[in-house]
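The lines below spell out each chain.
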Amino acid sequence: MARILTLTLNPALDLAIRLGALQLGEVNRTESTRLDAAGKGINVARVLAKLGHEVTVSGLLGADNEQAFVKAFSECGMRDAFIRVPGETRINAKVSEAGGRVTDLNGPGLRIPGHALEALNARVGTLLSGQEAVVISGSLPPNVTPAQLASLITAIRERGVSVWLDTSGPALTSGLAARPTGIKPNENELAGWAGQPLETPEARLQAALRLNAEGIEDVLVSAGSEGVLWAQRGSALEATPPRVAVLSTVGAGDTLLAGTLHGLLSGWPRERTLRFATALAAESVRHVGVGDPKAADFDSLQTQTLVRNPSNGEMHG
Ligand SMILES: Nc1ncnc2c1ncn2[C@@H]1O[C@H](COP(=O)(O)OP(=O)(O)O)[C@@H](O)[C@H]1O
Ligand SMILES: O=P(O)(O)OC[C@H]1O[C@](O)(COP(=O)(O)O)[C@@H](O)[C@@H]1O
């Protein structure tokens with residue numbers, strides 16, 4: 001199993017709310033609520049830890065409400081290397097309605113004292129030795145700049161460690177200039193980078209291949225229930241997930257990225273990796289939280305996942 005470091009600069013407590021149908025401007029009665037330590041890098045780490053990898057989590061965490069995070073890190077067997085900053089980590093509300101619609105309300109996050117980012121850069125420097133991959137995931141705190149993210153990626157790449165980046169907007173654009181090894185945009189984030197809508201699979205394929213040509217080795221594009229496109233050094237594969245009953249899509253992208261890394265770091269063929277990751281992401285949308293590779297029907301979900309080559313339509317497996 002591999003050693004992996006995930007960095008979450010802007011973690012969150014996810015407040016998952018379930019109800020029949022949200023009535024805007026009205027008093028709504030919920031069916032259930034649940035609060036979990038989350039944020040993209042932490043979600044990725046949860047999946048990788050379940051898959052048996054040695055995971056270190058780091059980033060910037062509010063000192064005043066850290067309990068749920070500390071508990072989750074210990075329960076999941078993850079090494080806690082977060083820098084504590086004064087204040088409370090944000091709470092992101094996730095409203096899941098019976099019809100399958102999910103509404104995310106994500107906060108801006110904590111303003112970070114300047115020395116905290118310096119401390120994080122120094123901490124990452126000490127953690128890199130022996131790591132096989134670093135994942136930098138999620139938005140940036142309000143006063144951390146895209147250029148500072150790019151410097152962090154450059155520093156890690158200079159140490160010869162591969163970096164996967166999952167972010168959006170100016171942070172993605174700036175991060176790309178530092179040439180991370182891989183990225184995991186969803187279709188909207190990819191369209192944001194391209195500066196135009198990418199509504200067809202062909203448009204997404206061309207954008208992903210352009211990124212390969214610009215030096216991003218792996219481009220993993222997620223498109224919700226439509227599935228996944230993975231362009232690797234100019235060669236693409238697509239996957240269509242099985243039909244599942246959707247309860248919460250929150251964490252599906254993080255599960256997909258973690259599943260892909262698992263296959264890559266295990267030396268699996270690409271088809272197997274994409275099938276596994278796509279099936280695990282489909283597993284995740286059936287409940288709150290990240291995908292569970294130990295789900296009783298996980299083998300069947302993999303069998304029902306279609307993997308093909310988009311250039312000739314050839315199916316795999
Ligand atoms: N309704 C769904 N049914 C099956 N799989 C899904 C569904 N929604 C998402 N997924 C899987 O999860 C992946 C990530 O979801 P997506 O919503 O695209 O990412 P993000 O959460 O990053 O926006 C998709 O590419 C797909 O494989
Ligand atoms: O940092 P951002 O972009 O605000 O995203 C944070 C949110 O992303 C999540 O990690 C979910 O991400 P995905 O649905 O893309 O997997 C939530 O747990 C968290 O609230």
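Everything numeric here is computed off the predicted structure, so don't read it as measured data.

Caption draft 1: Quick look at the UniProt feature "domain: Carbohydrate kinase PfkB" (unreviewed entry) in the protein. Under the UniProt annotation, "domain: Carbohydrate kinase PfkB" (unreviewed entry) lies at residues 9–293. Helix makes up 38% of residues 9–293 and strand 24%. Its end C-alpha atoms lie 27 Å apart.

Caption draft 2: The arrangement of the pattern of salt bridges in detail. For the structure on display, the rule yields 13 salt bridges. Residues Arg-204 and Glu-226 are paired through a salt bridge, measuring 2.9 Å at the closest nitrogen-oxygen approach. With Arg-204 in helix 7 (residues 201–213) and Glu-226 in the loop between strand 12 (218–222) and strand 13 (228–232), this pair connects stretches of sequence that are 22 residues apart. The buried category is assigned to Arg-204, whose relative accessible area is 5%.

Caption draft 3: Spatial organisation of the packing of aromatic side chains. Tallied over the full model, the rule gives 4 aromatic pairs. Ring centres of Phe-73 and Phe-82 lie 5.5 Å apart, and the angle between their planes is 0 degrees; this geometry places the pair in the stacked category. Summarising the burial analysis for this pair, Phe-73 and Phe-82 share the class buried. Where Trp-268 meets Phe-276, the ring centres are 5.2 Å apart and the plane angle is 80 degrees; that geometry is what we call edge-to-face. Following the ring pairs from residue to residue traces out a cluster consisting of Phe-69, Phe-73 and Phe-82.

Caption draft 4: Region of the structure containing the site of ligand 1. Residues in close proximity to ligand 1 total 18 residues, the closest being Lys-184, Asn-186, Ser-222, Gly-224 and Gly-227. Between ligand 1 and Asn-186 there is a distance of 2.9 Å, counted from an oxygen atom to a side-chain nitrogen or oxygen. The backbone of Gly-253 places a nitrogen or oxygen atom 3.4 Å from an oxygen atom of ligand 1. Isolated, ligand 1 exposes 550 Å² of accessible area, and the fraction of that covered by the protein chains is 84%. Here the shell around ligand 1 gets 3 residues from one element, more than from any other, and that element is helix 9 (residues 270–284). Residues that form the shell around ligand 1 fall into these classes: 10 nonpolar, 7 polar and 1 charged.

About the thresholds
Residues numbered from 1 in each chain as written. Chains lettered and ligands numbered in written order. Predicted model: local features only at pLDDT ≥ 70, side-chain atom pairs only at ≥ 80, totals over all residues. Heavy atoms only, no water. UniProt positions renumbered as here; feature names shortened; annotations may be inferred. Helix = DSSP H or I, 4+ residues; strand = E, 2+ residues; numbered from the N terminus. Salt bridge = Lys/Arg side-chain N within 4 Å of Asp/Glu carboxyl O. Buried < 20%, exposed > 50% of the residue type's maximum accessible area, 1.4 Å probe, protein only. Phe/Tyr/Trp six-rings, centres within 6.5 Å; stacked < 30°, edge-to-face > 60°. Near = heavy atom within 4 Å. Polar contact = N/O pair within 3.5 Å; in protein donor to acceptor, adjacent residues only side chain to side chain. Areas by Shrake-Rupley, 256 points an atom, 1.4 Å probe, with all protein chains shown as cover. Nonpolar A, V, L, I, M, F, W, Y, C, P; charged D, E, K, R; others polar.

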